[in-house]
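# Descriptive structure summary
Now for the letters of each chain:
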Amino acid sequence: SNCLILQQICQMHMLYIPFIKDGDITIGAIFSFHNKPVVVNQNYEVNPGQQKCIHLNPEEFQYALTMMLAIQEINNRSDILPGVSLGYNIYNGCTSVTLALRAALALMNGEGNDTHSNSSCTRLPTIPAIIGLSGSSQTIGLARTAGPFNIPVISQFSTCECLSNRREFPSFFRTIPSDYYQSRALAKLVKHFGWTWVGAIRSDNDYGNNGMATFVQVAQQEGICIEYSEAIFITDPREKFLKVVNIIKKSTSKVIIAFTSYLDFDVLTKELLIQNVTGLQWVGTEAWITARKLASSAGYKILGGAIGFAIPIAEIPGLKEFILNARPSDITVNTGINELWENVFNCSLSSQSDANVKPCTGTESLEGINNEYTDVSELRISNNVYKAVYAVAHSLHDLMSCQNGQGPFNNRTCANKANIEPWQVLHYLKRVNFTTRSGENVYFDENGDPVARYAIVNWQRNKEGNITFKTVGLYDASLPDGQQFVMNNNSALWAGDQNQVPRSVCSESCLPGTRKAIEKGKPVCCFMCIPCAEGEFSNTTVLDAVECAKCPLEYRSNEHRNQCVLKSIEFLSFGELMGKLLVAFSIFGACLTIFIAHIFFRYRSTPIVRANNSELSFLLLFSLTLCFLCSLTFIGQPFDWSCMLRHTAFGITFVLCISCVLGKTIVVLMAFRATLPGNNIMKWFGPKQQRLSVLAFTLVQVLICVLWLTISPPFPHKNTTYYKETIILECDVGSPVGFYAVLGYIGFLSAMCFVLAFLARNLPDNFNEAKFITFSMLIFCAVWITFIPAYISSPGKFTVAVEIFAILASSFGLLFCIFIPKCYIILLKPEKNTKKHLMSKKTRTYCCKK
């Protein structure tokens, strides 16, 4: 009697079980046959938590029939679980966490089994695994409840990434990919089409919040900005949905990511339809992108051209016939189809039904009925249920096939086949690996997840005007990076039935020649475009460049700042006018010097030539010729040899020239001292000593040049700093010390020559050469003193021109001051070219006052 009382109490609290079948091993399942739970009898006379399920969900009935078909197939097969029959207990979760947990507890405690037997209701049945649910929030509750008891839970439609946490959900598996992959794939899809400014709508539950959080994180890494992110839930008041619609209407983004469940999104779509919010590009998840209820003419007006990820289409042989042959049952434990049957045919199977409702015969045909229950043209989630049942069956088969001594448990033992425990099934489920009849390989990774494979579907109308979910791409996470995402752009149709991919950016891409400047207080996708600075560029290969790239040193940016062009090279060339003029003056000076040398050689026996030290004069004329010609080495493109030659040749020839002038000055000065009685000083300044002095002075400069060329010689240098758009090709002096030593030595000899000539300027000769040397040295020093600031301040090739001008000017000064007066006498005043005239003293005239 006590047992009967307990059994009655048990049956009173027994949950409604739509489908049940006895077997040697019973598999549990929970599907949401209704999609809206409501609280009833809120009068405190019954349990306030009692809920009633309304609004049938035909898709979940198809999932249940798929499970029943799979179990029937397995029972009829001899290669899987031979001699063992499978049964099922399928409960209604009603999209409610509370009812789902009640169903889970009922399965775990054995409620509802053997209702027609006299067995004790306290007997615990063998439930090796539970299949379900379709919602992540309900599945989280189910997995947390079953986890401590090591009962495997396999979901066909729960995608929340959080469920992959093995520490929190140690016994959870699923045959649908985790949102870990879908969120990242969504970000890559958005990036692929260049959408950097998007809106985001999510379900306000674990599925939507976790999935959107991952998407936002990856999107930011991809440079995608979220204009707004709003959460919705089916039980929210209408004001909340209207608020979201207003945000969508006021936004500037043309692409919206909807990470929502079908039920939540359905409510939002209806509000968008009422306010005629069209022309937006929707990007969806597998939860709604293939929902047939949304794909009506009205829904297409809002969602036409939508694109998103879906579970690949599969085929389950025999499912269509199995569904069509299923009939209502008056058996208490198998009445799941009854309510659906009444809803489809608008009739009643109850004898106590309303007189206005026609009775059902139970023989009505489902042929011609096209709804979510009978439509098997695009099996996606149903195939996940099918794989889940087979995964449990293969795990049980491996368990049953175990031989003692080869088992996985303690002492290599196997499970007790007469008393299978869930943790043992869990062990084999982690290692299950099989191939379905369609050729799909099924296994789970260490987190209980399958390989992530998605079809990218696009909402289109076919030729008949029907709405289809056309596959326009694929995503396979098992492939290497860079090969996971494949998109066929030409087959997609976009919002408003457009063939062109819509644009959704906060700021248009910066054109070549400009760079992005982030506006303070705005997202990084909102920016200004400012031109690149001079010497920088951005081209078509780097759109939206944050920084302009610098041109190489030898290049400059063009007018549009979109590429670098070679800078013009500047040097003093022979072909330009200034170069031609300097060459002409140089050659003229050399020719004039040679002409004067010819005159001196022709009149070498005349007193004026002999009196002015003809040997030094000819050597001076030779050195002046070299000075004129060495200026030619400064013209033309600098090379290693020309850079070394121009400075050393200039330094040595000028020292040779100044040494000759200095020798002549000393001879003049000493010659007058030798006229004093008893003075024999001229023996120390004879021709031999003069030659040695010139050689000694010149050798010092040669030694300085050799050291300069050895330590750090001059070399060609591309000066890119003086002009931004021009490269000045010049000779770098190498060692500044060597360069200054060469010039300093020339300056020292010039100064000494000037001082000595100045001291001898008033000697009483009718033709005193010291005067002319003094004047020539004065010109020479004035030229080179003014050369220094002019050389430093002259830009580019004008620096070389100034240096050449200084060489030519000082050379002409020496030539004109020292030799032209003599040539004048030789050629035009031959009467003065006599020894008597040269030897006569100057007479001074003094004026006396009367």
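Residues numbered from 1 in each chain as written. Predicted model: local features only at pLDDT ≥ 70, side-chain atom pairs only at ≥ 80, totals over all residues. Heavy atoms only, no water.

### Some words on the sheet that holds strand β16 (residues 453-461)
Taken in spatial order, the eight strands make up an open sheet running β10-β9-β11-β12-β13-β16-β17-β18, and their pairing is mixed. In this open sheet, the two strands that pair with only one neighbour each are β10 (225-232) and β18 (485-487). If you compare each strand with its neighbour and ignore which way they point, the axes differ by 25 degrees on average. Across five bridges, strand β9 (residues 197-203) lies against strand β11 (residues 255-259) in parallel orientation. Residue pairing in the sheet places I201 in a bridge with A258 of β11. Running over the sheet, helix α7 (residues 238-250) touches β9, β10, β11 and β12 (281-284) and is turned about 165 degrees from β10. (Pairing = 2+ DSSP bridges. Helix = DSSP H or I, 4+ residues; strand = E, 2+ residues; numbered from the N terminus. Axes fitted to C-alpha atoms, helices over the stretch in contact; angles between N-to-C directions. Contact = heavy atoms within 4.5 Å.)

### Some remarks on the environment of E547
You can see E547 is positioned in the loop between β21 (536-537) and β22 (549-550). In this structure, the C-alpha to C-alpha distance between E547 and C532, residues 15 residues apart in sequence, is 8.3 Å.

### Considering the UniProt feature "transmembrane region" (unreviewed entry) in the chain
As annotated by UniProt and renumbered to match this structure, "transmembrane region" (unreviewed entry) occupies residues 581-603, 615-636, 648-672, 692-711, 739-760, 772-792 and 804-827. For residues 615-636, helix accounts for 73% and strand for 0%, while the C-alpha atoms at its two ends are 35 Å apart. For the annotated span residues 772-792, helix accounts for 100% and strand for 0% of the residues, and the straight-line distance between the end C-alpha atoms is 31 Å. (UniProt positions renumbered as here; feature names shortened; annotations may be inferred.)

### A short note on the pattern of salt bridges
A complete count under the given rule lists 15 salt bridges for this structure. Of the charged contacts, one joins E168 and R144 as a salt bridge, the two residues approaching to 2.2 Å between their closest N and O atoms. Taken as a pair, E168 in the loop between β7 (153-155) and β8 (172-174) and R144 in helix α4 (residues 136-146) lie far apart in primary sequence, 24 residues in all. For R144, a relative accessible area of 46% puts it in the partly exposed group. Taking the shortest distance from any N to any O, the salt bridge between E271 and R238 comes out at 2.7 Å. Taken together, the residues span a long stretch of sequence, with E271 in helix α8 (residues 262-274) and R238 in helix α7 at a distance of 33 residues. A residue is classified by how much of its surface remains accessible, and E271, at 9% relative accessible area, is buried. (Salt bridge = Lys/Arg side-chain N within 4 Å of Asp/Glu carboxyl O. Buried < 20%, exposed > 50% of the residue type's maximum accessible area, 1.4 Å probe, protein only.)

### Here's the deal with the state of the cysteines
Under the criterion given, the structure shown has ten disulfides. A sulfur-sulfur separation of 1.9 Å characterises the disulfide bridge that pairs C506 with C526. Between C506 and C526 the disulfide shows an S-S torsion of about 100 degrees. By sign, it is right-handed. Within this pair, whereas C506 is found in the loop between β18 and β19 (514-518), its partner C526 is found in the loop between β19 and β20 (527-531), the two being separated by 20 residues in sequence. (Disulfide = S-S within 2.5 Å.)

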